[in-house]
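# A structural walkthrough
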Amino acid sequence: MRVTAVDALGRRLFNKPPGHKLPPNSQAFRGLVSSVGRQLWLVPSLLLALLLIVPVLAGLLWTILPAFGYFPALGRTQLSWQPWLDLWQAPGVWPALQVSLLSTALSSLLALFWALLLLAYAWQSRALRWLRFSLASVLSVPHAAFAIGLLLLLAPSGWLVRLLSPWLTGWQLPPTWSWVGDPWGLSLAWVLSLKEIPFLLFMAFSALSRLPLDASLRLGRSLGYSDARIWWLILLPQLLPMLRLPMLAVIAYGIAVVDLAIIVGPSTPPSLAVLLDRWLLHPDLHWRLPASSGALLLLLLSILLFSGWLMLEKALRAVWLCQAMRGNRGSESWLARRLLAASAWGLLVLTLAILLVMLVWSFAQRWPFEAALPVSWTQRHWQTAAHYLAQPLWHSLLLAGLSAFIGLVWVVLCLEAEQQHGWARAWRRPLLALLFLPLILPQMSFLFGVQWLLVLLDWDGQLLAVLWGHLLFVVPYLLLTLSGPYRHFDQRLYQQALLLSGSKARALLWVKWPLLARPFCYVLAIAFAVSIAQFLSTRYLGAGRIATLTTEAVAMASGGDRRAMAVYGLWQWALPALVYGLMLFLPWWCFRHRPLMQLDGRS
Amino acid sequence: MSLVLQQLQLWLGEQPLFAPISAEVEPGQIFSLMGPSGCGKSSLLAAVIGDLPAAFRLQGDVRWAGESLLAVPMQHRRIGLLHQESLLFPHWSVAGNLGFALPAKLNKAERKLAIEQGLIKAGLQGFADRDISSLSGGQKARISLLRTLFSQPRALLLDEPFSKLDAELRASFRQFVFDLIAEQQIATILVTHDVQDCPSAPLRMG
């Protein structure tokens, strides 16, 4: 049967007439069919390049052209520096630039050093183990929901002050100061860093699995070094270069963040990204030109900050090398260990407290200041929100579900193609570097251009365009999280399945992929959360017509109605949390009678 | 109908791993290969099943019934491979592992019967629904062999399958393997570093 099919295909490929005799078991044909099959594995990788990388580069180009005055829609077909001059002369640009620079530099450094300190001093603490265990659930909290919850918890009239007043603070009324919206963007930096610590820890744990961690600790201890000293002198110098890409992603995100900056950043003037966002949505199209220049400026700023980080990293490594040469063994710092373990607990407690405060606010009817809890409760806010949230909820579910599923299938096919054929290895690094572009470029620097391209093609404002926009960010995250487990899969099991079944499809569908079910579910939950949290891509590619939970939550947050904010924030949180719970439960339930699958030893 | 290794030699870069090997393995015969670690024994088996890593270069030919297998994809060569580790699939029971290897044309009742009879032959009656984590090393080795034979291979490659078993278990499992090979008339290549595992004088590599 198979031979007949092979021969038929061979005839078609060579345009031979049906009567033409072909040797039935010809090795040449088998080789030909096999090579055709091999090329089929190219399809997902080529699609990846075509649908993700090319449009990002085109979007970048379409941001660069208006930044230099080329904008045919306004009749501008000559290149000029005018948009840059307009940008410099626009009111509020310099303070906005300072806010963006300061908040991004501070938040990136704070998050990185906090994460490194946690590793160095709290590595064996129960707090870090718990944080590591619940990292995915902490990561899945959307930025906007996190900021809303933090605002409700720590605002001058927030829950914490209410709990402590008046018995501790003496305040009968909420204080007039506010920690959010400071003109330097310090509050924005703090909230950003709180959100980036789990991300950097997540990347660090993944990188550490490639280092001889236990052996280094054993060796260092045998030479009389303290654990913290071993981390600083041996492990962190190796870890830092592995965290360059995540640091670049953190910097690029921080410099272009809009949703978080709207909620906790200054408003007059806002950060540069928020200012550019206002110009882009301005009804007067002329604002697009300086907005494009500003988007390019964000890209230059992120390159500048990243270069600064590289220099700092080099200096740090030189200092550590110098210290290592001195042979100072160091001593166990009890206080530092306790403080950092406490900060890990703090991060977990803060995340839980944020969830709780949103829950309380969402049911609060009357909650006068000083009262620790609302004096009367109501479901009205949920009922009102249910009416308005139906469509955003549906959009969010559809977009997140589809982008996570499509992205997972796509990434799995690409990774399998890479494993099946050596050719992919040579292309892996440059292809991967390009795939991570959406993460390492400030979103505005290419989304401006992508949006304009979609307008030209009349594709903007459609669900499909937004879905593609989400895939731009979901796919790199999927690659980042899935490539490790996929590449480390014990290929001998696949080889056995192949030899036993005689079919690649059976070996993949019945053995390899079911054995990888746990990592698949895990990354699916992460991809879902990434899609739910998308703000700029939804706003720009949806042309304001596609409302999701995130766009609505950010809109609500700028409105100031705390109860509605809490309901929207909770919904935005609940979806990824539910999916995450489901994705933990599903493999556990499916393999509840298979202890080896619960240990996750093979996958 | 025999498995033929024709002047088979592996190269790593410009370095040959071993001198060319030629052998004709008849059904039911066991061709033993011995050599120290790193001499290329397992790579030779990988070449025979068609799963040689890209870093290696293969010279010579592998033939079955006169037909070269080199261009035939691994999954269509119908060669079984038994490692020193059982490599049972952890997401299935014993029956699931065995059933996966049985030909697709069998119906449910035939599959059940085949599994029961196989388990009786292996001295593991009533083990069908057991999880593989509950099996001992020897039991896993037997199930693994049974699973390989259920796929009806025309040749069998044994990559140090006895090396992880203790002395007592090793002898009984060895006998079980050799008996099944003789009974099912399968051409077999055995790779080992222990001369006691070889049923006949081995070819020494390296």
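Residues numbered from 1 in each chain as written. Chains lettered and ligands numbered in written order. Predicted model: local features only at pLDDT ≥ 70, side-chain atom pairs only at ≥ 80, totals over all residues. Heavy atoms only, no water.

### Concerning the environment of Val455(A)
All names here are of chain A. By the secondary structure assignment, Val 455 is in helix H21 (residues 443-457). You can call Val 455 partly exposed: its relative accessible area is 29%. As a C-alpha pair, Val 455 and Thr 481 span 26 residues in sequence and 33 Å in three-dimensional space. (Helix = DSSP H or I, 4+ residues; strand = E, 2+ residues; numbered from the N terminus. Buried < 20%, exposed > 50% of the residue type's maximum accessible area, 1.4 Å probe, protein only.)

### Focus: the packing of aromatic side chains
On inspection of all chains with the given rule, the structure shows 26 aromatic pairs over all chains. A network of ring pairs unites the aromatic residues Phe162(B), Phe173(B), Phe176(B) and Phe178(B) as a single cluster. Sitting over the face of the ring of Trp589(A), Arg592(A) holds its NZ or CZ atom 4.3 Å from the ring centroid. Residue placement shows Arg147(B) over the ring face of Phe89(B); its charged tip is 4.4 Å from the ring centre. (Phe/Tyr/Trp six-rings, centres within 6.5 Å; stacked < 30°, edge-to-face > 60°. Lys NZ or Arg CZ within 6 Å of the ring centre and 35° of its normal.)

### Considering the confidence of the model for chain A
Residues and elements named next belong to chain A. Overall, the prediction assigns chain A a mean pLDDT of 86, with 91% of residues at 70 or greater. Within chain A, helix H24 (residues 504-515) carries the highest mean pLDDT (96), whereas helix H1 (residues 2-14) carries the lowest (38). A low-confidence stretch, residues 1-26 (pLDDT under 50), is modelled with 26 contacts involving residues beyond four sequence positions or located in other chains. (pLDDT = per-residue confidence, 0-100. Contact = heavy atoms within 4.5 Å.)

### Points about the interface of chain B and chain A
Of the residues lining the interface, 28 residues belong to chain B; the matching set on chain A comes to 28 residues. Between chain B and chain A the total buried area reaches about 2800 Å² when both faces are included, carbon and sulfur atoms providing 62% of it. On the surface where chain B and chain A come into contact, there are two salt bridges. A salt bridge links Arg594(A) to Asp131(B); its shortest N-O distance comes to 2.8 Å. The tally of links from chain B across to chain A stands at eight residue pairs in polar contact (both at pLDDT 80 or more). Going through the elements one at a time, strand E6 (67-68), strand E7 (79-82), helix H2 (94-101) and helix H4 (137-150) of chain B are the ones with two or more residues in the side of chain B that touches chain A. Split by residue class, the side of chain B that touches chain A holds 14 nonpolar, nine polar and five charged. (Buried area = accessible area lost by both parts, 1.4 Å probe. Salt bridge = Lys/Arg side-chain N within 4 Å of Asp/Glu carboxyl O. Polar contact = N/O pair within 3.5 Å; in protein donor to acceptor, adjacent residues only side chain to side chain. Nonpolar A, V, L, I, M, F, W, Y, C, P; charged D, E, K, R; others polar.)

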